[in-house]
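Residues per chain, in single letters:
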Protein chains: 2
Amino acid sequence: MGGIVYLVGAGPGDPELITVKGLSTLRKAEVVIYDRLIDKKILSNVRGDALLIYAGKNIGEAEKQETITSLIIKHAKEGKIVVRLKGGDPYVFGRGEEECERVINEGIPCEVIPGVTSAIAGPTYAGIPITGRQYSPAVSIISATRKGDEVIEPDYIPSKGTLVILMGIHKFTQLRGVLLKVRSANEPVAVIENATLESQRVFICSLNDMDKVISQNNVKSPAVIVVGDVVKMRDKLWKLS
Amino acid sequence: MGGIVYLVGAGPGDPELITVKGLSTLRKAEVVIYDRLIDKKILSNVRGDALLIYAGKNIGEAEKQETITSLIIKHAKEGKIVVRLKGGDPYVFGRGEEECERVINEGIPCEVIPGVTSAIAGPTYAGIPITGRQYSPAVSIISATRKGDEVIEPDYIPSKGTLVILMGIHKFTQLRGVLLKVRSANEPVAVIENATLESQRVFICSLNDMDKVISQNNVKSPAVIVVGDVVKMRDKLWKLS
């Protein structure tokens with residue numbers, strides 16, 4: 001019997017934010033290839049006889065991506081039900097589209113199961129709605145880091161509306177410079193470290209002092225940066241513990 | 001004992017795309033106030049003795065929003081566990097922030113449980129990744145309709161990157177006009193009706209002929225409109241049935 005690949009979004013961190021479909025797919029997996037940020041509680045749902053493969057990788061490690069893709073294909077070709085378990089959503093800066101394309105090119109069926117992204121749930125758990133009728137009818141979700149480790153260009157940043165920036169901590173000075181080309185220095189900013197987890201930390205500042213706040217508090221990846229008036233809603237909304 | 005309110009995102013349509021946390025919260029609800037687009041299969045998880053209240057509303061019906069908020073507060077004040085079940089994610093154009101603020105102002109605890117948004121899962125089920133290293137490091141999710149039923153302004157639309165537009169079908173001609181102020185007429189467009197459901201229909205066109213395609217095929221709300229090069233990926237990725 002032929003193998004099959006599922007790219008499953010595990011959600012933003014809180015292990016209960018995986019979808020019902022994601023969880024039931026994980027439970028039938030024979031091989032699970034999982035990312036660095038996947039919670040151990042999610043992995044505890046895997047079958048006792050399933051093969052668990054850790055595929056943690058850091059930004060820029062291109063060879064590792066190739067190794068991961070080859071592993072997925074190898075096990076699927078052996079007829080296995082393979083789950084590639086990814087943090088957040090497979091198609092939100094998850095390189096899921098590359099893995100899916102390669103799997104399909106090998107003649108192996110590939111299904112993508114969406115997950116809750118930290119770009120939305122991260123701000124929510126910090127008491128910040130990313131949209132709001134009073135504040136913003138649009139949200140731009142941006143990877144601060146482009147292919148080749150370059151910083152995002154200003155053309156991707158609209159002059160109005162909420163911005164949610166992922167993968168921005170390791171180059172926050174450059175990022176701030178790009179944002180200031182389009183946005184004003186006094187725009188409210190929230191920096192959310194370890195979004196949706198018990199270890200979550202939230203720092204409120206402005207675009208002007210964003211770099212100081214990140215360095216003084218020693219904020220580490222993964223962190224979500226929110227820019228825009230929606231940040232002001234935090235004072236009004238329930239702080240989720 | 002005091003009541004509590006949970007704003008729960010039910011996901012984009014496919015009933016299995018609700019989160020584990022959303023489902024377990026729904027199962028303990030004593031009162032469920034649900035939106036028009038919620039699948040009956042999701043509602044079948046509710047306790048036998050729970051009160052189910054339909055709160056379907058169409059765009060612009062402001063009085064209904066007030067009625068819904070009052071209902072939430074009334075039942076919570078009676079000490080009930082109230083679930084406000086919303087399509088997609090409560091904070092992605094769901095007016096969840098208004099409901100949450102009002103509930104908190106009444107001294108009632110309110111917790112928000114994120115859901116998968118159709119802005120991401122809709123394109124995924126149509127074989128379109130909203131981001132991609134080869135195509136776009138950013139995605140803007142935009143409500144075509146603003147408060148007061150006006151169309152979105154061009155300031156919210158970046159000149160580059162993927163655009164995902166919700167609530168655009170009932171004013172697609174105006175929307176196309178705004179998009180053409182920022183984007184070129186030959187940009188690829190996907191129009192996805194009933195995203196993630198079995199009745200899903202997908203139409204591929206360009207910004208230039210988007211209005212013709214929507215009217216000739218009699219596309220109805222809810223539909224997700226995707227603009228950008230990521231639409232080209234559809235040919236390469238597995239078509240989910």
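Caption draft 1: Spatial organisation of the relation of the copies chain B and chain A. For the match of chain B to chain A, the screw axis carries a shift of 0.0 Å, the RMSD comes to 0.0 Å, and the turn is 180°. Considering both components of the superposition, the chain copies are consistent with a two-fold axis. By residue overlap, the copies meet face to face through one surface: 100% of the interface positions of chain B are interface positions in chain A.

Caption draft 2: Spotlight on the interface of chain B and chain A. Facing the 63 residues of chain B at the interface are 63 residues of chain A. In total, chain B and chain A occlude about 5700 Å² of area from one another, counting both sides; carbon and sulfur atoms represent 64% of this. By the criterion of area lost to chain A, the three top residues of chain B are B:Tyr91, B:Arg133 and B:Pro137, representing 14% of everything that side buries. Summed over the shared surface of chain B and chain A, the result is 8 salt bridges. Ionic pairing is found between A:Lys21 and B:Asp14, a salt bridge with its closest N-O pair at 2.9 Å. Linking chain B with chain A are 25 residue pairs in polar contact (both at pLDDT 80 or more), by the criterion used here. Contributing elements (two or more residues each) for the side of chain B that touches chain A: α1 (20–28), α4 (96–105), β5 (110–113), α5 (118–125) and β6 (138–143) of chain B.

Caption draft 3: Region of the structure containing helix α6 (residues 172–182) of chain B. Residues and elements named next belong to chain B. By the burial criterion, the buried members of α6 are Phe-172, Leu-175, Arg-176, Val-178 and Leu-179. All buried residues of α6 lie within an arc of 165° about the axis, which places them on one face of the element. For α6, exposure combined with an orientation more than 90 degrees from the buried face picks out Thr-173 and Lys-181. Looking at the buried residues of α6, the elements they touch are β7 (162–166), α7 (210–216) and β10 (223–227).

Caption draft 4: Molecular detail of the confidence of the model for chain A. Summary statistics for chain A give a mean pLDDT of 93 and a share of 95% for residues scoring 70 or more. Complex prediction metrics read pTM 0.95 and ipTM 0.95.

Caption draft 5: A look at α4(B). Residues and elements named next belong to chain B. Those residues of α4 not exposed but buried are Gly-96, Glu-97, Glu-99, Cys-100, Val-103 and Ile-104. In an axial view of α4, the angular spread of the buried residues amounts to 160°, which keeps them on one side of the axis. Once α4 finishes, Gly-107 follows within two positions and takes phi at roughly 80°, a positive value.

Caption draft 6: Local environment of the pattern of salt bridges. Residues and elements named next belong to chain A. Following the criterion strictly, the structure yields 36 salt bridges over all chains and no others. Arg-47 is paired through a salt bridge with Asp-49; the nearest N and O atoms lie 3.0 Å apart. Judged by relative accessible area, which is 57%, Asp-49 ranks as exposed. In this structure, Glu-99 and Arg-84 form a salt bridge, with 3.2 Å as the shortest nitrogen-oxygen distance. Note that Glu-99 is positioned in helix α4 (residues 96–105) and Arg-84 in strand β4 (residues 81–86), a separation of 15 residues in sequence. According to the relative accessible area criterion, Glu-99 is buried, its value standing at 0%. Looking at Arg-84, the relative accessible area reads 0%, which means it is buried. Linked by salt bridges that have partners in common, Asp-35, Arg-84, Lys-86 and Glu-99 make up one network.

Caption draft 7: Geometry of unusual backbone geometry. A cis amide bond, omega 0°, links A:Ser221 with the succeeding residue A:Pro222. Within the secondary structure layout, A:Pro222 lies in the loop between α7 (210–216) and β10 (223–227). At A:Asn218, a position not held by glycine, the phi torsion is positive, near 55°. Positionally, A:Asn218 belongs in the loop between α7 and β10. Its identity as a non-glycine residue notwithstanding, B:Asn194 has a phi of 50°, on the positive side. Here B:Asn194 lies in the loop between β8 (188–193) and β9 (201–206). Look at B:Asn194 and you get partly exposed, because its relative accessible area is 22%.

Conventions we followed
- Residues numbered from 1 in each chain as written.
- Chains lettered and ligands numbered in written order.
- Predicted model: local features only at pLDDT ≥ 70, side-chain atom pairs only at ≥ 80, totals over all residues.
- Heavy atoms only, no water.
- Least-squares fit on C-alpha atoms with pLDDT ≥ 70 in both.
- Contact = heavy atoms within 4.5 Å.
- Buried area = accessible area lost by both parts, 1.4 Å probe.
- Salt bridge = Lys/Arg side-chain N within 4 Å of Asp/Glu carboxyl O.
- Polar contact = N/O pair within 3.5 Å; in protein donor to acceptor, adjacent residues only side chain to side chain.
- Helix = DSSP H or I, 4+ residues; strand = E, 2+ residues; numbered from the N terminus.
- Buried < 20%, exposed > 50% of the residue type's maximum accessible area, 1.4 Å probe, protein only.
- Arc of directions from axis to C-beta.
- pLDDT = per-residue confidence, 0-100.

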